[in-house]
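Examining the three-dimensional arrangement
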Protein chains: 8
Amino acid sequence: MLNVYLSGEIHTDWRDQVIDGAQGLDITFNGPVTDHAASDDCGAAILGPEDSKYWHDHKGAMVNAIRTRKGIEEADVVVVRFGDKYKQWNAAFDAGYAAALGKSIIVLSPPEHQHALKEVHAAALGVAEQPRQVVDILRYVLTGELPQ
Amino acid sequence: MLNVYLSGEIHTDWRDQVIDGAQGLDITFNGPVTDHAASDDCGAAILGPEDSKYWHDHKGAMVNAIRTRKGIEEADVVVVRFGDKYKQWNAAFDAGYAAALGKSIIVLSPPEHQHALKEVHAAALGVAEQPRQVVDILRYVLTGELPQ
Amino acid sequence: MLNVYLSGEIHTDWRDQVIDGAQGLDITFNGPVTDHAASDDCGAAILGPEDSKYWHDHKGAMVNAIRTRKGIEEADVVVVRFGDKYKQWNAAFDAGYAAALGKSIIVLSPPEHQHALKEVHAAALGVAEQPRQVVDILRYVLTGELPQ
Amino acid sequence: MLNVYLSGEIHTDWRDQVIDGAQGLDITFNGPVTDHAASDDCGAAILGPEDSKYWHDHKGAMVNAIRTRKGIEEADVVVVRFGDKYKQWNAAFDAGYAAALGKSIIVLSPPEHQHALKEVHAAALGVAEQPRQVVDILRYVLTGELPQ
Amino acid sequence: MLNVYLSGEIHTDWRDQVIDGAQGLDITFNGPVTDHAASDDCGAAILGPEDSKYWHDHKGAMVNAIRTRKGIEEADVVVVRFGDKYKQWNAAFDAGYAAALGKSIIVLSPPEHQHALKEVHAAALGVAEQPRQVVDILRYVLTGELPQ
Amino acid sequence: MLNVYLSGEIHTDWRDQVIDGAQGLDITFNGPVTDHAASDDCGAAILGPEDSKYWHDHKGAMVNAIRTRKGIEEADVVVVRFGDKYKQWNAAFDAGYAAALGKSIIVLSPPEHQHALKEVHAAALGVAEQPRQVVDILRYVLTGELPQ
Amino acid sequence: MLNVYLSGEIHTDWRDQVIDGAQGLDITFNGPVTDHAASDDCGAAILGPEDSKYWHDHKGAMVNAIRTRKGIEEADVVVVRFGDKYKQWNAAFDAGYAAALGKSIIVLSPPEHQHALKEVHAAALGVAEQPRQVVDILRYVLTGELPQ
Amino acid sequence: MLNVYLSGEIHTDWRDQVIDGAQGLDITFNGPVTDHAASDDCGAAILGPEDSKYWHDHKGAMVNAIRTRKGIEEADVVVVRFGDKYKQWNAAFDAGYAAALGKSIIVLSPPEHQHALKEVHAAALGVAEQPRQVVDILRYVLTGELPQ
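Residues numbered from 1 in each chain as written. Chains lettered and ligands numbered in written order. Predicted model: local features only at pLDDT ≥ 70, side-chain atom pairs only at ≥ 80, totals over all residues. Heavy atoms only, no water.

Taking an unreviewed UniProt entry as the reference, chain A is identified by name as YtoQ family protein belonging to Salinihabitans flavidus.

Here is the structure:
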């Protein structure tokens, strides 16, 4: 059985592609809350509003950390997706967190980010460009079967 | 004595400002190689050239990792600087790495990056905008003295 | 699945409120023995009486530690409740113990204790005033759903 | 050589008594910032003021944590002093933090707090009432000499 | 659920008494191989005979260590029984091993061994004289119920 | 229950002999992908071809590491088989990796390799020459029964 | 440089023999307090008398643990001496403690204790009968020189 | 300052080349005993002869492990040299041991061993063919200077 954490980009359907592709494999997938508005507002919505944008964001990031830390710490494999938009520092942060814990890391990133991601790639055991390749790695790791 | 690792941006003189400001304090500073060209090319220059840009970068990132991992692992405090340019995923990666090791983190970042850095800030014990504030924290931690 | 340890105050029904509110969520709750008399006397009752009040208490505290350490060490989330009465040093001790183990901590405390708890709050990922808010955090962490 | 962290009460001269009594012994002492006002205000004074008392305190507690965590993590022995005033939850928090790290703990507390501190005492290797007894333990541990 | 390792004396029925007394409690018990002859000879019987008594014993002790290390490392509670006969250094060794791993230790020993076991007792959370007391502790830890 | 990782030689049927012999025992077996061609080519087949033999091999070794590290880290017992052919440095590497993690190691090797394997043997709790002996150790560890 | 902890028997001069024999080698030696009376009474002498022999011994064992735990945890090599007299369970306890921490252990014991010590021996990297042999191992480990 | 352990081949002067080349750099070098005969015989020479070649070798390997484990555990960088002769399983074992401890590994190996070493290379941050390249990496890591 593999426990796989899917970190990073939340604006495309890459998680669905990985999870769908992996059907039939003995894998448990976890990841962050992917509802962008809920993720931003969870702290204030639950624990009370803040006047300051900084503390609004801070409270939300702290609550989300309960989920993401557990997800990464329990994972065998952490897949970190870098997309086309936004700063995505949280994705790189997750990669560093996973690396320090000795997790197996797969980075899923487009070729144009190659140079900027070289330190993150250097901590990975696989660098893929397509969700399908992530599935192929997971299948191979579990079953020894290569894609046809 | 404090061991402080200065991670992130290598194109401004913020490290000099912190180190100069901290003169007289019992602090050992470490950080990455800040010669951009040497940092990019060290792998190929020492271990032999690569046809592929990916592996050229990879070899360099691996060699640099010898220095950065030791620097972070031995640090009491990791200061992570986010500047105005570039993707800076290596800075966020270092922050995640430091967080997983339980290091005390100070983030040095401009206000406009606040929202994008909220997960990184949530892992920090201090978020500063000016190098002088980093020095003030280090002085206070060592001596208990606040700035006048 | 979340493993949640409910530490602190044993004289009000806050644990019941949290557990009831979390019905339907995939959570295992643990906590200390909440029968005050049994908790005080367990050491002497099982291992033999002591003339000295100190050793009577000591034997009980040691036996209770078997349960509390396991509970905290296996928890994903440690909720620490500070109430209105007693010194509650055991609650703060549990919070420190959980913090050193890197556990996600939620503090449940009344506003009037804010200043005295600032070091404990600084180690928490969420500070709530009502048991309902604890439930809301746990639900969000597991399902991504915010309270209506 | 012993590295000893002196945690807890900052309103009496117990630290001075311990340090003076230990003169001539090969001990390095550390502890929190004991200037109460500086300790409360350090976060806002360095990183900028907050409208909310909660965040004012929070920023200060985070900055102080840089010092206290390092102090406890590097200590061989953590002495935790409970006095007559205040809630002192930070002292109990430090004791829990030290216990989880496997540190040798000495508690220095008055007899009237015995029952309320029983869980903290149960994690200690010595429970003293007088600073002189703390010195006597440290001397014995280093030299094998008992008080005359 | 508790995982309990029963270490020490193999010539009396104390393990049976504990296991029988704990019927109905959610406990998994483990322990060493208690067939004395098999335990002494397992190395040579499986891996081949030795001319030297030392290596005969050594091979057996190594094979037994596969079982005992796993048993202790997976245990929540390690009960260490000292009886009337033999040197029982393996029991004290197990206690030290468990202590360094931070396990909850219960020592089961007769009063006449008190002084000689004081260092072992100091590492324990409970010191019992009767198997029944061990059962009572385990029941209390799991259910909060004291013996009638 | 035992979790056993079968490392090393992939050209003979020793794994089948161990697994068959252990039928009826409560053991989960894991090991590397034993399809030699798939194991060599997995990196390039999934993540894209390389011009350089070095990077072709490197990509494959990285992907295989996802499986082997998990296998070793989760194992109670790591059996390392050295056969007659090839350099088998990966087997010795796995043994070193397992030793540093404190795993129980059984080496399965022919007598002619004794001197060259003395450092590896010194890290093992059992050194066998026949797969049957490995089964006998596993049975004894689980059940206490010696071979007839 | 080697840090060596000398555990066990305190009634013969074996420590002096080892330390004298190792003169000129870059070794720091540590060990327990070897003044038997001081070691037994330190708890009560410093922290106050006890009516019960058990708690008298307990307080002393706790205070001594401050020294012995630090000594073992900082050691590269733990030498454990078993002599002719007493139960010596503290020596075996130290050996188990050191083994769980992954320390290099040398046992110094007479041949007649071989069978009773087989589990302790199995955790050692060297089993010596004479203090001179301990010195010879330490010299070889530091300098590569064998005795003439 | 760097602490570098030089593991592997003991029949050529590669250690001297690395150490000479690194003169002037702030590096402490350690490594195994390189006197082949002493290394083979140290166990029997110090602790007494064995009839069996297996136990003769075993005793020596155990004594050598005191030095090599300390050397690897304290190293920042482990250089593992594979030469032309012998099985060199101890070198691969050291590499695996270092990898599991998260050490930075540099492999020094001839091109003809590339395929056989691919798993070891995959755990390294640098793969060199010449001792001079090892020196160049160490100088770069310490000073940021590349070779001319």
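Having seen it, we continue.
**Concerning the packing of aromatic side chains**
How two aromatic rings sit relative to each other is set out by the distance from centre to centre and by the angle between their planes. Within the structure shown, the criterion is met by 28 aromatic pairs over all chains. Within the aromatic cluster, the residues linked to one another by ring pairs are A:Tyr54, A:Trp55, D:Tyr54 and D:Trp55. (Phe/Tyr/Trp six-rings, centres within 6.5 Å; stacked < 30°, edge-to-face > 60°.)

**Thoughts on the side chain of C:His121**
Tracing the backbone through its elements, the reader meets C:His121 in helix α5 (residues 118-122). Apart from residues lying up to four places away in sequence, C:His121 is in contact with C:Val107, C:Ser109, C:Gln114, C:Val127, D:Tyr54 and D:His58. (Helix = DSSP H or I, 4+ residues; strand = E, 2+ residues; numbered from the N terminus. Contact = heavy atoms within 4.5 Å.)

**Details of the relation of the copies chain A and chain B**
Screw-axis analysis of chain A against chain B gives a translation of 0.0 Å along the axis, an RMSD of 0.0 Å, and a rotation angle of 180°. Here the symmetry operator amounts to a two-fold rotation axis. When the interface residues of chain A are mapped onto chain B, 100% of them are again interface residues, pointing to one common binding face. (Least-squares fit on C-alpha atoms with pLDDT ≥ 70 in both.)

**Things to note about the layout of surface pockets**
Sizing a probe to match a water molecule and rolling it over the atoms shows the empty space that remains. Counted as a void, the second largest pocket has a volume near 1,000 Å³. Lining the second largest pocket we find 42 residues, and of these A:Ala99, A:Gly102, B:Arg69, H:Ala99 and H:Gly102 sit closest to its centre. If you list the elements that add at least two residues to the lining of the second largest pocket, you get α4 (89-100) and β4 (104-108) of chain A, α3 (53-73) of chain B, α3 (53-74) of chain F together with α4 (89-100) and β4 (104-108) of chain H. Looking at which element gives the most residues to the lining of the second largest pocket, the answer is α3(F), with 6 residues. (1 Å grid on protein atoms, 1.4 Å probe; cavity = no way out; pocket = protein on both sides within 12 Å on 5 of 7 lines; lining within 4 Å. Points joined across faces, edges and corners; volume = space filled by probe spheres on them.)

**Focus: the pairing of strand β4 (residues 104-108) of chain E**
Residues and elements named next belong to chain E. Of all the 5 residues making up β4, 5 are buried; the element is thus mostly covered by neighbouring parts of the structure. The side-chain alternation of β4 yields two buried faces, one formed by Ser-104, Ile-106 and Leu-108 and the other by Ile-105 and Val-107. Alignment of strand β3 (residues 77-81) against β4, held across 5 bridges, turns out to be parallel. Across the sheet, residue Val-78 finds its bridge partner in β4, namely Ile-105. You can see the chain leave β3, run along helix α4 (residues 89-100) and come back into β4, and the turn it takes is right-handed. Taken together, the 3 bridges between β4 and strand β5 (residues 126-128) define a ladder with parallel strand orientation. If you follow Leu-108 over to β5, its bridge partner there is Ala-128. (Buried < 20%, exposed > 50% of the residue type's maximum accessible area, 1.4 Å probe, protein only. Pairing = 2+ DSSP bridges. Right-handed = clockwise from strand over helix to strand, strands pointing away.)

**Things to note about the interface of chain F and chain B**
With 4 residues of chain F in contact, the opposing surface of chain B contributes 4 residues. The largest share of the area that chain F buries against chain B comes from F:Glu50, F:Trp55 and F:His58, three residues that together contribute 82% of it. Applying the counting criterion to the chain F and chain B interface returns 2 residue pairs in polar contact (both at pLDDT 80 or more). Across the side of chain F that touches chain B, the residue classes tally to 1 nonpolar, 1 polar and 2 charged. (Buried area = accessible area lost by both parts, 1.4 Å probe. Polar contact = N/O pair within 3.5 Å; in protein donor to acceptor, adjacent residues only side chain to side chain. Nonpolar A, V, L, I, M, F, W, Y, C, P; charged D, E, K, R; others polar.)

**Some details on the pairing of strand β3 (residues 77-81) of chain H**
Note on strand geometry: in a regular strand, side chains alternate between the two faces of the sheet. Residue and element names in this part refer to chain H. Of all 5 residues making up β3, 5 are buried, and the element is well covered by its neighbours. Both faces of β3 are covered, namely the face carrying Val-77, Val-79 and Arg-81 and the face carrying Val-78 and Val-80. Of the pairings in the sheet, the one linking strand β1 (residues 2-8) to β3 comprises 5 bridges and is parallel in character. The partner of Gly-8 across the bridge, within β3, is Arg-81.

**Some points on the interface of chain A and chain B**
Taken together, the contact pairs 32 residues of chain A with 32 residues of chain B. Area buried by chain A at its contact with chain B is led by A:Tyr54, A:Trp89 and A:Phe93, which between them contribute 24% of it. At the boundary of chain A and chain B, one finds 2 salt bridges. A:Asp40 is the salt-bridge partner of B:Lys118, the closest N and O atoms lying 3.1 Å from each other. Between chain A and chain B we count 12 residue pairs in polar contact (both at pLDDT 80 or more) in total. For the side of chain A that touches chain B, a count of residues per class yields 18 nonpolar, 8 polar and 6 charged. (Salt bridge = Lys/Arg side-chain N within 4 Å of Asp/Glu carboxyl O.)

**Regarding the relation of the copies chain F and chain B**
Superposition of the two copies of the chain requires a rotation about an axis together with a shift along that axis. When chain F is fitted to chain B, the residual RMSD is 0.0 Å, and the transformation amounts to a turn of 180° plus an axial shift of 0.0 Å. Most of the interface of chain F is mirrored in chain B, where 100% of its interface residues are also at the interface.

**Overview of the sheet that holds strand β2 (residues 27-30) of chain A**
In a beta sheet, neighbouring strands pair by backbone hydrogen bonds and run either parallel or antiparallel. Residue and element names in this part refer to chain A. Pairing is parallel across the open sheet formed by 5 strands, whose spatial order is β2-β1-β3-β4-β5. One side of each edge strand has no neighbouring strand; the edge strands of this open sheet are β2 and β5 (126-128). Between one strand axis and the next, the sheet turns by 20° as a mean value, whatever way the strands run. Bridge count between strand β1 (residues 2-8) and β2: 4 bridges; the pairing is parallel. Looking at β2, one finds that Val-4 is bridged to Phe-29. (Axes fitted to C-alpha atoms, helices over the stretch in contact; angles between N-to-C directions.)

**As for the pattern of salt bridges**
Residues and elements named next belong to chain H. Summed over all chains, the structure comprises 72 salt bridges over all chains. The residue Arg-81 makes a salt bridge to Glu-9 at a minimum N-O spacing of 3.0 Å. Taken together, the positions of Arg-81 in strand β3 and Glu-9 in the loop between β1 and α1 (14-21) put the pair 72 residues apart, joining distant regions of the chain. As far as burial versus exposure is concerned, Arg-81 and Glu-9 are alike and both buried. Residues Asp-136 and Arg-132 are paired through a salt bridge, measuring 3.6 Å at the closest nitrogen-oxygen approach.

**A short note on helix α1 (residues 14-21) of chain F**
All names here are of chain F. Turning to α1, its buried residues number three or more, namely Trp-14, Arg-15 and Val-18. An end-on view of α1 places all buried positions within 105° of arc, on one side of the element. Buried residues belonging to α1 abut β1 (2-8), β2 (27-30), β3 (77-81), β4 (104-108) and α6 (131-143). (Arc of directions from axis to C-beta.)

**Quick word on unusual backbone geometry**
Of note in this structure, B:Gln88 is not a glycine but carries a positive phi near 60°. Mapped onto the fold, B:Gln88 is located in the loop between β3 (77-81) and α4 (89-100).

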